[in-house]
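Report on the structure
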Amino acid sequence: MNARDLIHHLAHVAHRYAEIVVEGAERHPNLGPLLEALSAATGKEDPRSLPPEAWEEALWGLLVEAIADRLVDGWDRYGAPSAARDPEGGFVASAEGPGEPIVVRASTKREAYREARREWVKRLLNGW
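Attention in this report is confined to the structure presented alongside it. Remember, it's a predicted structure, so these values are computed and weren't measured experimentally. (Residues numbered from 1 in each chain as written. Predicted model: local features only at pLDDT ≥ 70, side-chain atom pairs only at ≥ 80, totals over all residues. Heavy atoms only, no water.)

1. A few points about the pattern of salt bridges
Side chains that differ in sign of charge can pair as their charged atoms come close. Under the convention used in this document: One side-chain nitrogen of Lys or Arg within 4 Å of one carboxyl oxygen of Asp or Glu is enough to make a salt bridge. Each helix corresponds to a stretch of at least 4 residues labelled H or I by DSSP, and each strand to a stretch of at least 2 residues labelled E; elements are numbered beginning at the N terminus. Using a 1.4 Å probe on the protein chains alone, a residue whose accessible area is under 20% of its type maximum counts as buried, one over 50% counts as exposed, and one in between counts as partly exposed.
Under the defined criterion, the tally for this structure stands at six salt bridges. Of the charged contacts, one joins Asp 86 and Arg 105 as a salt bridge, the two residues approaching to 2.9 Å between their closest N and O atoms. Of this pair, Asp 86 sits in the loop between strand 1 (82-85) and strand 2 (91-95) while Arg 105 sits in strand 3 (residues 102-106), placing them 19 residues apart in sequence. Asp 86 sits in the buried class, given a relative accessible area of 7%. On the basis of relative accessibility, which here comes to 56%, the residue Arg 105 falls in the exposed class.

This is the structure in structure tokens:
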């Protein structure tokens, strides 16, 4: 499943849930902030009236913006992960970031960099 499919499913579930939770949805601990963000993204006072496809586009935009903002902040603060040949064989990738430094070893430079980058992004998104 790719990110677009995941957003599609999440948007449809959230839309259906918002239809069910009519009374006090804006005060719901999870649904309230989502409704507020969707309202800001779409300009609609009550985004529950929007079709699921509009929720999907709004959620996609919110996700992209959140990741892009965190990555730019991460690059500015920590620098991006890097990879190099390991003297013991294979490749090692490393990154600074929230928490302990990241060190990953793999058989290829690409694999090492990808693993370090995944962990770096996960920490950036979870760590702030």
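So much for the structure itself; the text now carries on.
2. Some details on the packing of aromatic side chains
Any pair of aromatic rings gets described here by the distance separating the centres and the angle formed by the planes. Our working rule: Note on ring pairs: Phe, Tyr and Trp rings are taken, using the six-membered ring of Trp, and paired if centres are within 6.5 Å. Classes follow the plane angle, with under 30 degrees stacked, over 60 edge-to-face and the rest tilted. The rule for a charge over a ring is simple: NZ of Lys or CZ of Arg within 6 Å of the ring centre, and within 35 degrees of the ring normal.
Summed over all chains, the structure comprises one aromatic pair. On the numbers, 6.5 Å between centres and 25° between planes, the contact of Trp 75 with Trp 120 is stacked. With Trp 75 in helix 3 (residues 52-78) and Trp 120 in helix 4 (residues 109-127), this residue pair connects regions lying 45 residues apart in the sequence. Sitting over the ring of Trp 60, Arg 4 keeps its end group 4.6 Å from the ring centre.

3. Focus: the side chain of His 15
Rules: Every residue pair with non-hydrogen atoms within 4.5 Å of one another is taken to be in contact.
Tracing the backbone through its elements, the reader meets His 15 in helix 1 (residues 3-20). A residue is classified by how much of its surface remains accessible, and His 15, at 8% relative accessible area, is buried. Excluding anything up to four places from it in sequence, His 15 contacts Arg 48, Leu 50, Pro 51, Pro 52 and Trp 55.

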